[in-house]
Amino acid sequence: MGRSRPAHIVVVGGGFSGTMTAVNIARLTEHPLKITVVNDRGPVGRGVAYGLRRPEYLLNVAARNMSAFPHEPDHFLDWLCTRSEFELTPEIELRERFVARQIYGDYLRSIAQHHLQSPGEGALATSELIKGEVVDIESGEHSCRVRLADGTAIEADRVVLATGNEPPAPLPGAEALEDHPAWVANPWQAWEHRLPHHDGSVVLLGTGLTTVDAIITLRALGWLGTVDAISRHGWFPNAHFRGIEYPEFPPADIDLAALGLERLLALIERHCAILHARNANPAIIVDKLRGYTQRIWSGFSIEDRLTFAHEHAARWNVFRHRIAPEIHAQITSSQLTGQLRVHAGSIARLEPSADRIHVELADGQSVRGDLVINATGPSTKFTATRSVLLQNLLRRGTIAPDTTDLGVHVDTDHTVLTSSGERSPWLLALGPLLRGTYWETIAVPELRVQARRVAETVLGGARAEEESQLQLEYMI
Ligand SMILES: Cc1cc2nc3c(=O)[nH]c(=O)nc-3n(C[C@H](O)[C@H](O)[C@H](O)COP(=O)(O)OP(=O)(O)OC[C@H]3O[C@@H](n4cnc5c(N)ncnc54)[C@H](O)[C@@H]3O)c2cc1C
C-alpha cells in the first residue's frame, strides 16, 4: 500500500462489507478525505442479505452477536432497544432473538445515514453514494481510474473490493433455460408472482440457507403445492441450540493449527462419538472450533484446504450455518406434513418440457417442477467469476486467485497481491472474496473485523495482531 495519505477512496460494493469499510474510514480518518461507495443494486447498507424482499426472513445469528462494530459489542442491541417493537422486550431475551433481516438492513442503513450521508459538523470525511456497476479499474503508478458501466470514470487513490458472493455456478442444461417460464436463475429476485396453482410443484435446487428462505416464503404465502428440495446429501442446516459445557474440547495439550486435516478429523470424530454417547449435540464441537478456524485453515497444506473444500464443506456448513429454531421448526413441519420432499442426489441435467422443467438426477430419477429455483449457493471457483470487473482485473494481473482458487489473493492486511506476487499500491479486498485465505469470511462476526482492518490499512496503520485477537473474542 502506498505510504501517501489517500485523498479519495472508492469502495466497490454497498453490502455489509463495503458499507462498514466506508463507515470505519469515515470514523477513523484524522485528515480530510472523500469516500465514494459504488453499488449496483439496492440502497447502500442492505446488500444481498438484508433487503426488503420478504419480512419473514430472520437473521441466523442471535442479536447479541450482530453488532456492526468489533469494539462495540452491544451496538446492535442498543439500537434495537430504540425501536418501538422491542421497547418492552427484556434485554436478556432480546440478546438471544433472531431478528428480521429487514430490520438488520434498517440498522445498517441508519449507520450509513449517520456516518456517510449526513455526518455531523466537523466530520473530516465527505461521502458520495453512487448507484452503478464498476466494470474495470485501470492502474496509474500510485492511483487508479475506476470505470463504471455507464461510462463514468472516477479517479481514486485507493479502491476497496467488497463485491460479495458470486452467483450460483451454472448447472448442466441451464444455459437453454434463460427465458423459460419455470426457471428462476437468481433466487434473490422476486419469484412469488410466478408460483403455479396449489396442485403444482416447486423444485428447489440445494438444501442450504437459500432453500430455507424459499420454503419459509412458500409457507408464509400459504401456498399448498408440493416442494421438492434436491442436493447431493439432502442435508438441511441444523438449528441453534443451547450450548453445553464440554471443557474436554479442544484438548489443552494439542495445537489444533498444527494437526493437519486428517488428524484433525480423527480428533473431531472421537469427540463427536463421546458426545453422542452422552446424548449431547456434537455440533458443540463446531462452536468450539470457531475461535480457531482461521489459524487451522492457515496451518493446512494446499491439499488439505482443497480436500476440505471439496469433501467436507457440505457437512461443515450443516453444523456451522445454523438457523433460528423457529425457522427450523417450520422446515420440519413441512417435511412431516409431506409437503416438502427431500432428495439426495447429484443433478445430472435440467431439461425443458413445455411449461415445466425436468430435473434429472445422476441415479436416473427425475423430478418435475412447474417452478425450479436455483438455490445451489455461490460458485466457489474464483477464476470462473462472472463479474465483468473481476474478469478484467484477473486478465490484467491486477488481482490473482489464491492458491486454492477459492478467492482473491491478499496479504495479511487485506492488500491485494498482483499476479506477480507484488502488493498492490492501491487495491484492497474483503468479505466472501477472501474465502481461500480465511475460509470463514461470510458472516457479520468476521466481516466487521475485516471492515475495520481494511479501514486501518487504507489510512496507513493496520494493527493486525490486535484485530485478530478481537476476532477471536467476538466470534462465538
Ligand atoms: C440470504 C442471506 C442471509 C444471511 N444471513 C446472515 C445472518 O443472519 N447473519 C450473518 O452474520 N450473516 C448472514 N449472511 C451472510 C452475509 O453474506 C453477510 O452478513 C454480509 O451481508 C455479506 O456482505 P457483503 O457486503 O460482503 O456482500 P453482499 O451483501 O453480497 O454485498 C455486495 C454488494 O456489492 C455489489 N456489487 C458486486 N459487484 C459490483 C460491481 N462490480 N459494481 C458495483 N457493485 C457491485 C452487489 O450488488 C452487492 O450489493 C447472509 C447471507 C445471505 C445471502
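Residues numbered from 1 in each chain as written. Predicted model: local features only at pLDDT ≥ 70, side-chain atom pairs only at ≥ 80, totals over all residues. Heavy atoms only, no water.

1. What about the overall build of the protein chain?
- A count of helices and strands for the protein chain gives 14 helices and 17 strands.
- Relative to the globule expectation of 23 Å for 476 residues, the C-alpha radius of gyration of the protein chain, 23 Å, shows essentially globular dimensions.
- Each principal axis of the C-alpha distribution contributes one length, and for the protein chain these read about 60 × 55 × 55 Å.
- Across the protein chain, every contact between residues at least 6 apart in sequence was considered, and the portion connecting residues at least 24 apart equals 71%.
- About 21,300 Å² of surface is accessible on the protein chain, with carbon and sulfur atoms providing 51% of the total.
- When the 46 basic and 57 acidic side-chain charges of the protein chain are each reduced to a single mean position, those positions are 1 Å apart. (Helix = DSSP H or I, 4+ residues; strand = E, 2+ residues; numbered from the N terminus. Rg over C-alpha atoms; globule rule 2.2 N^0.38 Å. Contact = heavy atoms within 4.5 Å. Areas by Shrake-Rupley, 256 points an atom, 1.4 Å probe, with all protein chains shown as cover. Lys, Arg positive; Asp, Glu negative; His and termini not counted. Charge placed at Lys NZ, Arg CZ, Asp CG, Glu CD.)

2. Let's talk about the environment of A149
- Position of A149 relative to the elements: it lies in the loop between strand 5 (144-148) and strand 6 (153-156).
- Sequence-wise, A149 and E133 are 16 residues apart; in three dimensions their C-alpha atoms are separated by 5.5 Å.
- Among all residues touching A149, those that are not within four sequence positions of it are E133 and V135.

3. A look at the side chain of E446
- Secondary-structure assignment places E446 in helix 13 (residues 444-458).
- By relative accessible area, which is 0% here, E446 ends up buried.
- A polar contact of 3.1 Å, which involves the side chain of E446, links it to the backbone nitrogen of I442.
- Among the polar contacts listed, one links the side chain of E446 to the backbone nitrogen of A443, at a separation of 2.9 Å. (Buried < 20%, exposed > 50% of the residue type's maximum accessible area, 1.4 Å probe, protein only. Polar contact = N/O pair within 3.5 Å; in protein donor to acceptor, adjacent residues only side chain to side chain.)

4. Quick notes on the site of the ligand
- The environment of the ligand is formed by 35 residues, the closest being S17, D40, Y50, N60 and V444.
- A distance of 3.1 Å separates an oxygen atom of the ligand from a polar atom in the backbone of F16.
- A distance of 2.7 Å separates an oxygen atom of the ligand from a polar side-chain atom of Y50.
- If the ligand stood free it would expose 990 Å²; the protein chains cover 92% of that surface.
- Among the secondary structure elements, those contributing two or more residues to the shell around the ligand are helix 1 (16-28), strand 2 (33-39) and helix 13.
- The element contributing the most residues to the shell around the ligand is helix 13, with three residues.
- In terms of residue class, the shell around the ligand is made up of 19 nonpolar, 11 polar and five charged. (Near = heavy atom within 4 Å. Nonpolar A, V, L, I, M, F, W, Y, C, P; charged D, E, K, R; others polar.)

5. With respect to the pattern of salt bridges
- Throughout the structure, instances matching the rule amount to 28 salt bridges.
- With a closest N to O distance of 2.8 Å, R147 and E138 form a salt bridge.
- Residue classification places E138 among the partly exposed residues on the basis of a relative accessible area of 27%.
- Two residues, D287 and R322, come together in a salt bridge whose shortest N-O distance is 2.8 Å. Separated by 35 residues along the polypeptide, D287 in helix 7 (residues 284-289) and R322 in the loop between helix 9 (302-320) and helix 10 (325-336) bring together distant segments of the chain.
- Overlapping salt bridges, with partners in common, bring together R46, R83, E85 and D106 in one network. (Salt bridge = Lys/Arg side-chain N within 4 Å of Asp/Glu carboxyl O.)

6. Concerning the sheet that holds strand 16 (residues 415-417)
- Sheet architecture is open: six strands sit in the order 3-2-1-7-17-16, paired in mixed fashion. Single-partner strands in this sheet number two, and they are strand 3 (125-131) and strand 16. Geometrically, the sheet is characterised by an average inter-axis angle of 30° between neighbouring strands, direction not taken into account.
- Of the pairings in the sheet, the one linking strand 1 (residues 8-12) to strand 2 comprises five bridges and is parallel in character. The residue of strand 2 that forms the bridge with I9 is I35.
- Strands in contact with helix 1 are strand 1, strand 2, strand 3 and strand 7 (158-161); relative to strand 2, the strand with the most contacts, it is inclined by about 170°. (Pairing = 2+ DSSP bridges. Axes fitted to C-alpha atoms, helices over the stretch in contact; angles between N-to-C directions.)

7. Looking at helix 9
- Here helix 9 spans only 22 Å end to end across 19 residues, well under the 27 Å set by a 1.5 Å rise per residue.
- The principal kink in helix 9, of about 70°, is found at H312.
- All of the buried residues in helix 9 are D304, R305, F308, A309, A313, W316, V318 and R320.
- In this structure, the buried residues of helix 9 make contact with helix 6 (261-277), helix 7, helix 8 (293-299), helix 12 (435-438) and helix 13. (Expected span 1.5 Å × (residues − 1). Bend = angle between axes of the 7 residues up to and from the residue.)

8. Quick word on the domain arrangement of the protein chain
- Domain assignment breaks the protein chain into domain 1 (8-167 + 380-474), domain 2 (174-238 + 322-374) and domain 3 (256-320).
- Each of domain 2 and domain 3 has a C-alpha centre, and the two are 30 Å apart.
- Domain 2 puts seven residues into the contact, and the matching count from domain 3 is nine residues.
- Together, the buried faces of domain 2 and domain 3 total about 660 Å²; carbon and sulfur atoms form 44% of this surface.
- Area buried by domain 2 at its contact with domain 3 is led by W235, N238 and R322, which between them contribute 81% of it.
- Here domain 2 is connected to domain 3 by one salt bridge.
- For the side of domain 2 that touches domain 3, a count of residues per class yields three nonpolar, two polar and two charged. (Domains from an automatic or database assignment. Buried area = accessible area lost by both parts, 1.4 Å probe.)

9. Notes on unusual backbone geometry
- Residue P250 is reached from F249 by a cis peptide bond, and omega for that bond is -10°.
- Of note, P250 is situated in the loop between strand 10 (226-231) and helix 6.
- Unusually for a residue other than glycine, N279 sits at a positive phi of about 60°.
- Mapped onto the elements, N279 comes out in the loop between helix 6 and helix 7.
- A positive phi angle, close to 80°, is found at H414, a residue other than glycine.
- Looking at the secondary structure, you find H414 in the loop between helix 11 (388-396) and strand 16.
- A relative accessible area of 0% places H414 in the buried class.

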